[in-house]
Amino acid sequence: MGNGAKAAQKRERNAKDSKVAKSQLKSNVKAMDIQCQICKSTFLKTTRAPQLTEHAVNKHSKSIAECFPTYEVPAGGK
């Protein structure tokens, strides 16, 4: 067997084992379930209270309760 055949076999093996990269964009869009009631901006469900407070104060000069009335601090979270 020549080197050309070995290279072809290796390419076939690697092509069979290669996996297609998957995008997380669709799952990230689904995870955006915190929404500001004033400007309708969406945030990932993992967004913490300090970031939401920063948005409420800087964008709207309001409290977190006014912008995100349904937001609850996760149990064990800060």
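Residues numbered from 1 in each chain as written. Predicted model: local features only at pLDDT ≥ 70, side-chain atom pairs only at ≥ 80, totals over all residues. Heavy atoms only, no water.

Observations concerning the overall build of the protein chain
Okay, so step 1: Each helix and strand in the protein chain was counted, giving four helices and two strands.
Okay, so step 2: A total of 78 residues make up the protein chain; the buried ones form 17% of that total. (Helix = DSSP H or I, 4+ residues; strand = E, 2+ residues; numbered from the N terminus. Buried < 20%, exposed > 50% of the residue type's maximum accessible area, 1.4 Å probe, protein only.)

With respect to the packing of aromatic side chains
Note on aromatic pairs: each is described by the distance of the centres and the angle between the planes.
Okay, so step 1: According to the stated counting rule, one finds one aromatic pair in the structure shown.
Okay, so step 2: Ring geometry for Phe-43 versus Phe-68: centroids 5.6 Å apart, planes at 75°, classification edge-to-face. With Phe-43 in strand E2 (residues 42-43) and Phe-68 in the segment after helix H4 (64-67), this residue pair connects regions lying 25 residues apart in the sequence.
Okay, so step 3: With relative accessibility at 17%, the residue Phe-43 sits in the buried group. (Phe/Tyr/Trp six-rings, centres within 6.5 Å; stacked < 30°, edge-to-face > 60°.)

Considering helix H3 (residues 49-60)
Okay, so step 1: Compared with an ideal rise of 1.5 Å per residue, which puts twelve residues at 16 Å, H3 spans 16 Å between its outermost C-alpha atoms and is within 8% of the ideal.
Okay, so step 2: Buried residues of H3: Ala-49, Leu-52, His-55, Ala-56 and His-60, and no others. Around the axis of H3, the buried residues are gathered within 125° of arc, so they sit on the same side. The outward face of H3, more than 90 degrees from its buried face, is lined by the exposed residues Pro-50 and Asn-58. (Expected span 1.5 Å × (residues − 1). Arc of directions from axis to C-beta.)

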